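If you want the building blocks of each chain, they are given just below.
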Amino acid sequence: MLQLQPEEILYTLFGEFYARRNAIFIFFVLISLGFLGVGTVWPKHYTSTTVIQINSSNILQPLLQGAAEEAKPVDHVANAREIIFGEKIMNAVMEKSGWNEIYQTEIERERVKQEIKKNVKINNLGEGLIKIEYRHSEPERTYLTVKSMAELFVSEGEKVKSEESLAAFNFIDNQVNEYLDKLTSVEQDLLKFHSNNPDSRPEQAAEVSNRITALKAKIEQTELELRETAIKRDSIKKQLSGEAAITISQSREGQYRSKIAEMQAELETLRLDFKDTYPDIVRLKQQIADLKTSLHLEIERRKEVVSKSKTSGELYIDEAILLNPLYQQLRGDLSKTETTMATLNTRLSELKKILVAEYDRAQKIHGGSTALTKLTRDYGVNKDIYQDLLKRRENARVSKSLNQEQKGVKFKIQEPAIVPVLPSGLRFIHFVIAGLALGILIPLMMIYVVLLVDPRIHFSKIISTELKLPVLAEINQITSFSEEEKIKTHMMYIAIGVFIVLCIYGYVGWLKLAGQI
Amino acid sequence: MSKIEDALEKAKKSRESGSAQLTVVGNNQVVTDTKSKGLDKIPGQENDAIQRVSYSKEIMLMDDGKIRDNKELSELKIIYSEMNDTKVANTFRDLRTKLIHASKGKNFIAMITSCYSGENSSSVTINLATAFSFDESKTSLIIDCNLSNPTIDKMLGLDANIGLTDYLENEDTKVDDTLCKTGIKRMKVIPAGTSIENTVEYFTSARIRNMMQEILNRYSDRYVFLEAAPITESADSRILMDLCDYVILTVPYGRVTKRKVQDAAEAIGDKLLGVVFNEVPKPPRFKIPGTGRSNT
């Protein structure tokens, strides 16, 4: 991108400006005289303003604060627009400002009303201040319109405020009565419920709950005891079996074996000293043989009984065992244990029945409690709102009284309207200045734009920087003596032309000041 | 008879007398001037030292015809020392200095060409040659080689009957016969001539090479400027480039695009000395109140 110094641009710009002086002069004349013409016919507008202070707090807002949803901030401008542009005030403004005297027919008056509405600006200045601004070609009419508009708005606003406070009181009073009815109704419902549900006291639920907890604990305790008793019973049964085995070992079979062993020992002793034919040895042998036979018989008998007991399932108990005192004690314990178990089972089933009954009761109590809670809550809410509304109704009564006595009015004309002396907006002098300045600046800007967008070379810097070619010299146009003379004459004509334009400006300005145009 | 004519007559007689003269050459050497019968008769290759003799005196006594006054020069848009717009004259002086610096003090042949046919580089050629002729020790010669659109003689208001093409066509024509007085001190012109057919053949002939050598060698202080047709539109100009030492490209303000200048520069190649950006519009001149100086 080519970076040109401001002086380079200005030099070329003024060079072009000078070279194209004819076209530029024509542009200057057209633009400046064009602006002068527009400035001459441009309508004058006068603006009159007034500032009105309005109390920013709405009468309903503090009264209903907390009881209803927070209202949006009051749009004073919208309210003012609604009041001022209302048919009632607009008609009064037309009358007071003298519009009706000028315009006789309804159609014309309606058109004027629309025109006034279009040219009235109502702006919010903050802090409860609104500005009413009206623009019109007649200063007196402008002043009267704004003045009457402000006065009518204030008086109407006061009335509206009074009506508003009355409406607020009535509204709150209605609400108080409505909530009183609701409260009475809920009280009756509560009484009815209590009479129908004597157990539906809130402490009953706690009692039932405690009982259920106690029952559950007892059931758990009983189940635990039952399991312990069962374990004890099993243990006694095992002990009983073990005692039987010991007893069996001490039975006849064992006696036989002991006797045989003793005799065998004696026999061995005798054989050390005597031959086998010795009578004692023979006797012992026979006795041992008899004992072995008896032992064998005994074994056979036991096996037979055991096999029988296995098939029949009955516990085989030798009579010898039955005589064992420990065995007898164990049997007694077993009996006791089984009795205990039966007792515990009975107790458990009873406890479970009671628990079910308590559950049913609890459910009934809970249902009743929900209804009671709802009724109580409704009662509480209605009571709170009712009491609150009672207070607010008293406040509303005070506000209403204040407004009725014109003591609560918050509308005030802060800055009254004045008759505008100078016209507002674009004035003739603005067009004069703009015409002369733009007559020069617009052609200059056009040349500048052409210099920027024209692809042809206007700066030697382009050749040296962009094309990278050495520039040996930059030579200005050469003018001959005769050309210089022509230029001088030409410049004189241009100067005369500019002077004529300025004279036209002066003449038109004088006519304007004299009020002739 | 005017004083100038008297001086020229004396100089002619002096040369024809045949007496040896001591003359100072460019490098302060003293050489003997042999019997010479006109500069065009000196053999080109035999005696270079003699050919390089400086004819300062002859320059001083050179017949420039009727010298034009400032008003006439102004109407022809030719610079002169006392002109009001000193900026233009000084710009051409600076350009002259740059060219002398580039040639390291030796005389040269420079071709001035343009980018396209709608552009007139003759003004730059004439004024540059004029700037060289401001120096009393230098002469300048313009040869109008733009055979398709010769403008130099018209711009200078010359009525030439014979020119470059006549010299190239006719063996009997001498260089001296084609030289035209311009009315500007120490500046001569060889116009395009009357015959402008087969122009390419003219510039490829040995005769034009000899002519250039002769012109350059006759005076060590003579600077030759060839006014050529636009380089991108003429084969003549490309052929002429071989005969010259430097090429100067003229670019007029606000009339050519970068592309055209780029094409012209590429066509010229290494011999391009630089670009002259001309016809730049200037803001009006006025005297600064109280200072007596102008804004330029």
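Structural notes, computed from the coordinates. (Residues numbered from 1 in each chain as written. Chains lettered and ligands numbered in written order. Predicted model: local features only at pLDDT ≥ 70, side-chain atom pairs only at ≥ 80, totals over all residues. Heavy atoms only, no water.)

## A look at the nonpolar core
Residues and elements named next belong to chain B. Counting 56 residues, the largest nonpolar core has I143 and L226 as its most contacted members. Looking at this core, the element that brings in the most residues is helix α11 (residues 206–218), giving five residues. Residues in contact with L226, not counting those within four places in the same chain, are I109, A110, M111, I112, I143, C145, M212, L240 and C244. Ranked by size, the runner-up nonpolar core spans 37 residues in total, among them V88, A131, L156 and Y246. (Core = buried A, V, L, I, M, F, W, Y, C linked by side-chain atoms within 4.5 Å. Buried < 20%, exposed > 50% of the residue type's maximum accessible area, 1.4 Å probe, protein only. Helix = DSSP H or I, 4+ residues; strand = E, 2+ residues; numbered from the N terminus. Contact = heavy atoms within 4.5 Å.)

## Overview of the packing of helix α5 (residues 86–102) of chain B against helix α6 (residues 122–133) of chain B
In a packed pair of helices, the relevant descriptors are the angle between the two axes and the axis-to-axis distance. All names here are of chain B. Remark: α5 packs on α6, axes separated minimally by 9 Å, with the N-to-C direction vectors making an angle of 75°. Considering their axes alone, α5 and α6 lie roughly perpendicular with respect to each other. Residue-level inspection shows F92, R93, L95, R96, L99 and I100 of α5 in contact with α6, the latter providing V124, N127, L128, A131 and F132. Here the contact of α5 with α6 is built from residues that sort into eight nonpolar, one polar and two charged. (Axes fitted to C-alpha atoms, helices over the stretch in contact; angles between N-to-C directions. Parallel < 35°, antiparallel > 145°, perpendicular 65-115°, else oblique. Nonpolar A, V, L, I, M, F, W, Y, C, P; charged D, E, K, R; others polar.)

## Concerning the sheet that holds strand β1 (residues 46–54) of chain A
Consider a sheet: its strands pair through backbone hydrogen bonds, and that pairing is either parallel or antiparallel. All names here are of chain A. Spatially, the four strands line up as an open sheet ordered β2-β3-β1-β4, and their pairing is antiparallel. Each of the sheet's edge strands pairs with one partner strand only, and the pair in question is β2 (120–126) and β4 (411–415). Shown here is a sheet whose adjacent strand axes are inclined to one another by a mean of 30°, direction ignored. Relative to β4, β1 runs antiparallel, the two being bridged by four bridges. Across the sheet, residue I54 finds its bridge partner in β4, namely F411. Across the sheet, helix α4 (residues 76–84) lies against β1, β2 and β3 (129–136), angled at about 150° from β2, the strand it touches most. Sitting on the sheet, helix α8 (residues 139–196) is in contact with β1, β2, β3 and β4, with an inclination near 15° to β1. (Pairing = 2+ DSSP bridges.)

## Observations concerning the packing of helix α5 (residues 87–96) of chain A against helix α7 (residues 106–119) of chain A
All names here are of chain A. Two elements in contact, α5 and α7, have axes separated by 11 Å at closest approach and are oriented at 105°. Viewed along their axes, α5 and α7 adopt a mutual orientation that is roughly perpendicular. Mapping the contact onto sequence places E87, M90, N91 and M94 in α5 and R109, E110, V112, K113, I116 and K117 in α7. Among the residues forming the contact of α5 with α7, the class breakdown is four nonpolar, one polar and five charged.

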